[in-house]
Structures are given as C-alpha cells and as structure tokens.
Amino acid sequence: MKKKAELYAGKAKSVYTTDDDDYLIIHFRNDTSAFDGEKIEQLDRKGMVNNKFTAFIMEKLEQAGVKTHHVKLLSDDEAVVKKLDMLPIECVVRNISAGSICRRLGVEEGMDLNPPTFEFFLKNDALHDPMLNDYHIRSFGWATDEEVEQMKTLTFQVNDILKKMFADAGMLLVDYKLEFGRFKGELLLGDEFSPDGCRLWDAETRKKLDKDRFRQGLGGVIEAYEEVGQRLGICFD
Ligand code: ADP
Ligand code: TMP
Ligand code: ASP
C-alpha cells in the first residue's frame, strides 16, 4: 500500500491517504506534546515505540472481540488503518484518581475509584478539551444516542481486557483515553493506545510509566514506555 497525500498532521501523528479510499497510513512521529500542544519536544524512538505498542494493543483487543481500525504494521513507525469518520469526542475511563479529575474535583491522586468512572471530552485543543455530558453530544449532534451508549460499553469493555493485561504484567491501568469513528455503518476504535494516552503505574512502587513523566519533567520518558512494552512482551528491535 502506497502513501498518497498528507490528509492531516496532528500533534504526534500524521495521517496519509493511500491508493485505496478505505485505508489510511498513520505515521507516528517522535513529537511529544502535552497541555494541548503547549509543551512539545522530540523524543528519540517514540514514534516507533508508540506504533508497535498501539499495534500490539489493538491486536489484543481484536482477539477479545473489540473492533478496531488496525489493519497491519507497515514499518517501524507507520501502520495501515481503516479510514474512519472520527467522532470529535474523547472517552476516558478512570480506575484511580489522577490528572484533571484531581484538579476539577479537588480529590487527591491515587484514590481507587470503585466503580471506575467515565467522562466524555470534546476534542478541541483551543478550548482545552472541555468535558461533555450525553446531552451536549445529543444537542450538538456530535454522535447519535446509540453511538453514545456504544462508546461507553466499548470503553468499559476495553477496561476489563486491559486492566487485567497490565495487572498480569505488574502494572496499574490508572486511566486512558479512547477515540472512536464510523466505518461502513459500524463504530470502530481508532487513533492509538500507548503510554501517551493512558496512565500506568508500577503496581508495587506506583512509579509513573506514562506521559506524566513528560508532563511533569520526571525524565526517562521513552525508557519507561519501553519498560512497559517489554513487560507486556512487545519487541521493539
Ligand atoms: P491530535 O489531532 O490530537 O493532535 P494526533 O497527532 O494523534 O492527534 O493525530 C492523529 C489524528 O488522526 C487525530 O485527530 C485522530 O482523531 C485521527 N485519526 C486516528 N485514527 C484515525 C482513523 N482510523 N481514521 C481517520 N482519522 C484518524
Ligand atoms: P486527564 O487526566 O488530563 O483528563 O487525562 C485522562 C487520560 O486521558 C490520561 O490518561 C491522558 C489521556 N488524555 C489524552 O490522551 N489526550 C488528551 O487530550 C486528554 C485530555 C487526555
Ligand atoms: N494530548 C494532549 C496534548 O498532546 C494533552 C496531554 O497529553 O497532556 O497536548
């Protein structure tokens, strides 16, 4: 499959059309962004690590019955995916309090959330991804009622699969963000699943192994991503 034109250059990935209208090529760049693009740096190996990480997770999810956009890895830092009509919505599940929920609700980091909680956000950097409720999504027509329910069900289904997978490898899945899109009348999981878009802590020490290392200037960002991958059995060579 051949790249044609650049369709979209996001903060961390570039998306290309291909010779088949149903498929895109995603290029995972080394650009690392936080705070809605306010902090951007190039981190060596990041594109390759997140590409292979995402492919591994998408394949695990497919095996467990979650339909995704993933088709195949094309190179170290590129993958072929189904071209989705993306919903402008981010779906977040939180198992443990961290990040924006601590700021918004004044709760301390590290509280077990039982049951896990769910939040929708509007994908809009200029507005700093404001939180949405089901009524906003319905009133502005960003997704149908059926899609709203499907996004919740699928995002929690992903939680059941991945929380166990990370726990088996000695990690806590603190929270994560998913994006969905339409493909031939179906809602599929799109975008990526990597330590850029989730929080992962070592289960014993609670050491942060995700993009919070970059956000908080803790160093060892890609080393931590690679450690997570190695614990899961992903080969980055
Ligand atoms: P951002 O837009 O947040 O800066 P990225 O740098 O990750 O993000 O850019 C990737 C873009 O590609 C995102 O806007 C994402 O919604 C979009 N995207 C991801 N997967 C697909 C897909 N399968 N089809 C179409 N667009 C996709
Ligand atoms: P938050 O605590 O900043 O709301 O983030 C919750 C989770 O979602 C966290 O794992 C990071 C991820 N996330 C993204 O990947 N991209 C985003 O734009 C936002 C707001 C969160
Ligand atoms: N994904 C957003 C950004 O790249 C927010 C974040 O990760 O902090 O800026």
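To start, this report covers the structure provided alongside it. (Residues numbered from 1 in each chain as written. Chains lettered and ligands numbered in written order. Predicted model: local features only at pLDDT ≥ 70, side-chain atom pairs only at ≥ 80, totals over all residues. Heavy atoms only, no water.)

### A few points about the pattern of salt bridges
Here is step 1 of the chain: Following the criterion strictly, the structure yields 28 salt bridges and no others.
Here is step 2 of the chain: Ionic pairing is found between Lys152 and Glu149, a salt bridge with its closest N-O pair at 3.6 Å. Of this pair, Lys152 and Glu149 both sit in helix H4 (residues 145-168), three residues apart, which is roughly one turn of that helix.
Here is step 3 of the chain: Between Lys177 and Asp191 there is a salt bridge; the shortest N-O distance is 3.3 Å. Separated by 14 residues along the polypeptide, Lys177 in strand S12 (residues 171-178) and Asp191 in the loop between strand S14 (186-189) and strand S15 (198-202) bring together distant segments of the chain. Take Lys177 and Asp191: they sit in the same class, and that class is buried.
Here is step 4 of the chain: By sharing partners, the salt bridges in this structure join Arg94, Arg104, Glu119, Asp175, Arg199, Asp212 and Arg215 into a single network. (Salt bridge = Lys/Arg side-chain N within 4 Å of Asp/Glu carboxyl O. Helix = DSSP H or I, 4+ residues; strand = E, 2+ residues; numbered from the N terminus. Buried < 20%, exposed > 50% of the residue type's maximum accessible area, 1.4 Å probe, protein only.)

### Things to note about the sheet that holds strand S10 (residues 112-122)
Here is step 1 of the chain: Read from one edge of the open sheet, five strands run S11-S10-S9-S12-S15, paired in antiparallel fashion. On the outer flanks of this sheet lie strand S11 (131-132) and S15, each paired with one strand and no other.
Here is step 2 of the chain: When S10 meets S11, the two strands line up antiparallel, connected through two bridges. Its bridge partner being in S11, Phe120 is matched across the sheet by Leu132. (Pairing = 2+ DSSP bridges.)

### Observations regarding the site of ligand 1
Here is step 1 of the chain: Of all residues adjacent to ligand 1, which total 17 residues, the nearest are Tyr8, Lys11, Ala12, Lys13 and Glu179.
Here is step 2 of the chain: The backbone of Lys11 places a nitrogen or oxygen atom 2.7 Å from an oxygen atom of ligand 1.
Here is step 3 of the chain: Lys82 has a polar backbone atom sitting 2.8 Å from a nitrogen atom of ligand 1.
Here is step 4 of the chain: Considering ligand 1 on its own, with 550 Å² of exposed area, one finds that the protein chains cover 89% of that surface.
Here is step 5 of the chain: Every element with two or more residues in the shell around ligand 1 is listed here: strand S2 (13-18), strand S3 (23-28) and strand S7 (78-82). (Near = heavy atom within 4 Å. Polar contact = N/O pair within 3.5 Å; in protein donor to acceptor, adjacent residues only side chain to side chain. Areas by Shrake-Rupley, 256 points an atom, 1.4 Å probe, with all protein chains shown as cover.)

### Remarks on the site of ligand 3
Here is step 1 of the chain: Taken together, Lys11, Ser33, Ala34, Phe35, Asp36, Gly37, Lys211 and Arg215 make up all the residues around ligand 3.
Here is step 2 of the chain: One of the side-chain nitrogen or oxygen atoms of Ser33 is found 2.5 Å away from an oxygen atom of ligand 3.
Here is step 3 of the chain: Phe35 has a polar backbone atom sitting 3.1 Å from an oxygen atom of ligand 3.
Here is step 4 of the chain: Here ligand 3, which alone exposes 260 Å², has 75% of that area covered by the protein.
Here is step 5 of the chain: Class assignment for the residues of the shell around ligand 3 results in two nonpolar, two polar and four charged. (Nonpolar A, V, L, I, M, F, W, Y, C, P; charged D, E, K, R; others polar.)

### What to know about the nonpolar core
Here is step 1 of the chain: One finds Ile57, Phe166, Phe193 and Leu232 to be the most contacted residues of the largest nonpolar core, which totals 48 residues.
Here is step 2 of the chain: At the level of secondary structure, the elements contributing two or more residues to this core comprise helix H1 (46-63), strand S9 (89-96), S10, H4, S12, S14, S15 and helix H6 (221-232).
Here is step 3 of the chain: The residues touching Leu232, leaving out its near neighbours within four places in the chain, are Phe53, Phe56, Ile57, Met165, Phe166, Ala169 and Met171.
Here is step 4 of the chain: Counting residues in hydrophobic clusters, the runner-up holds five residues, among them Val15, Leu24, Phe28 and Val81. (Core = buried A, V, L, I, M, F, W, Y, C linked by side-chain atoms within 4.5 Å. Contact = heavy atoms within 4.5 Å.)

None of the figures reported here should be taken as evidence of function without further support.
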